[in-house]
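Structural overview
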Amino acid sequence: MTDPLRLAPQSDEARPTRVDDATVAARRDALLAHAAGLRGAWAGDKPEWDIPVASVGTRLFLLLIPHTDGRLLANVKLDPEDVVAVREAYSWVEPGFHQSKRHWASIDLTSPDYRSDDAADMVEDSYRLVLSLLTRRVREAVLLADAAGTPARPTWQW
């Protein structure tokens, strides 16, 4: 006979609040690899901040930031209406940590509810938005260099 306690649904208290470090690292690496694969994008470490980032041209579209509570967050830039929508739709998305809350959203890579396909879509949306914000001249240069097979490199100067 089956133990009746095993059939009872688990409460929220029994559910883990974070995933293990190996899963977080895999999620981080997958997002960075996805970002690096976008046309004209570059992904790597920003030495001044000591964090992994992804940029296109002169602008950043993905930042991987450790939160003060130990979580790893992936900040993406989105249209202000989209920021509100994704925060309402996903429990693992919150206002941008250390960024403008109006334009940036933070994806919690430690959340057990995290969905990689949706996170990758947010990274692509961020890339498209940032690419559209580049001047026509810079955007064309970045895309032309990518089409010519020239490896992308960071072009931001701070």
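For the structure itself, consult the block above.
Quick caveat: nothing in here was measured; it's all calculated off a predicted structure.

For the rest of this paragraph, the subject is the packing of aromatic side chains. Applying the stated rule across the entire model yields 3 aromatic pairs. Ring geometry for Phe61 versus Tyr127: centroids 5.5 Å apart, planes at 70°, classification edge-to-face. Note that Phe61 is positioned in strand β3 (residues 59-66) and Tyr127 in helix α4 (residues 116-133), a separation of 66 residues in sequence. Assessed through its relative accessible area of 8%, Tyr127 is described here as buried. Judged by centre distance (4.9 Å) and plane angle (40°), the rings of Tyr90 and Trp92 are tilted. Look at Trp92 and you get buried, because its relative accessible area is 2%. Here the basic side chain of Lys46 rests over the ring of Trp49, its NZ or CZ set 4.9 Å away from the ring centre.

End to end, helix α2 (residues 21-36) covers 22 Å across 16 residues, agreeing with the expected 22 Å (1.5 Å per residue, within 8%). All of the buried residues along α2 are Val24, Arg27, Leu31, Leu32 and Ala35. One face of α2 carries all of its buried residues, which in axial projection span an arc of 130°. Residues of α2 that are exposed and point over 90 degrees away from its buried face: Ala22 and Ala33. Elements in contact with the buried residues of α2: β1 (41-46), β2 (51-56), β3, β4 (72-77) and α4.

The final tally for this structure, using the stated rule, is 11 salt bridges. Between Lys46 and Glu48 there is a salt bridge whose closest N-O contact spans 2.6 Å. Taking the relative accessible area as the measure of exposure, Lys46 reaches 0% and is therefore buried. With a shortest N-O distance of 2.6 Å, Asp125 and Arg128 are connected by a salt bridge. With a gap of 3 residues between them, Asp125 and Arg128 both fall in helix α4, about one helical turn apart. For Asp125, a relative accessible area of 34% translates into the label partly exposed.

This next bit is on the pairing of β3. Look at any regular strand and the pattern is simple: side chains alternate between the two faces of the sheet. Here β3 lies mainly inside the structure; 6 of its 8 residues are buried. Sheet topology note: the β2/β3 ladder contains 4 bridges and is antiparallel. Paired with Ser55 across the bridge in β3 is Leu60. The antiparallel hairpin formed by β2 and β3 contains 2 residues in its connecting segment, where Gly57 sits at a positive phi of about 60°. As defined by bridge partners, β3 adjoins β4 across 5 bridges and the pair is classed as antiparallel. Each residue of the ladder has a partner; that of Leu62, found in β4, is Val76. Where β3 hands over to β4, the hairpin turn is made up of 5 residues, of which Gly70 adopts a positive phi near 100°.

The rules behind each value
Here, residues in each chain are numbered from 1, in the same order as that chain's written sequence. Residue-level local features of this predicted model are given only where pLDDT is at least 70; pairs of side-chain atoms are given and counted only at 80 or more, and the full residue set underlies all totals for whole chains, interfaces and linings. In computing side-chain properties, one takes all heavy atoms of the structure into account and sets aside hydrogens as well as water. Planes of paired rings set the category: under 30 degrees apart is stacked, over 60 is edge-to-face and the rest tilted, where pairs are Phe, Tyr or Trp rings (Trp by its six-membered ring) whose centres lie within 6.5 Å. Secondary structure elements are defined from DSSP: runs of H or I of at least 4 residues count as helices, runs of E of at least 2 residues count as strands, and each element is numbered from the N terminus. To sort residues, take the accessible area from a 1.4 Å probe on protein chains only and compare it with the maximum for the residue type: under 20% means buried, over 50% means exposed, and anything in between is partly exposed. Any Lys NZ or Arg CZ that is within 6 Å of a ring centre and within 35 degrees of that ring's normal is treated as a charge sitting over the ring. Given a helix with a known number of residues, its expected span is that number minus one, times 1.5 Å. Directions from the helix axis toward the C-beta atoms define the arc. Working rule for contacts: check all heavy atoms of both residues, and any pair within 4.5 Å makes them a contact. Put simply, a salt bridge is a Lys or Arg side-chain nitrogen that is within 4 Å of an Asp or Glu carboxyl oxygen. In this analysis, strands are considered paired if DSSP registers two or more bridges between them.

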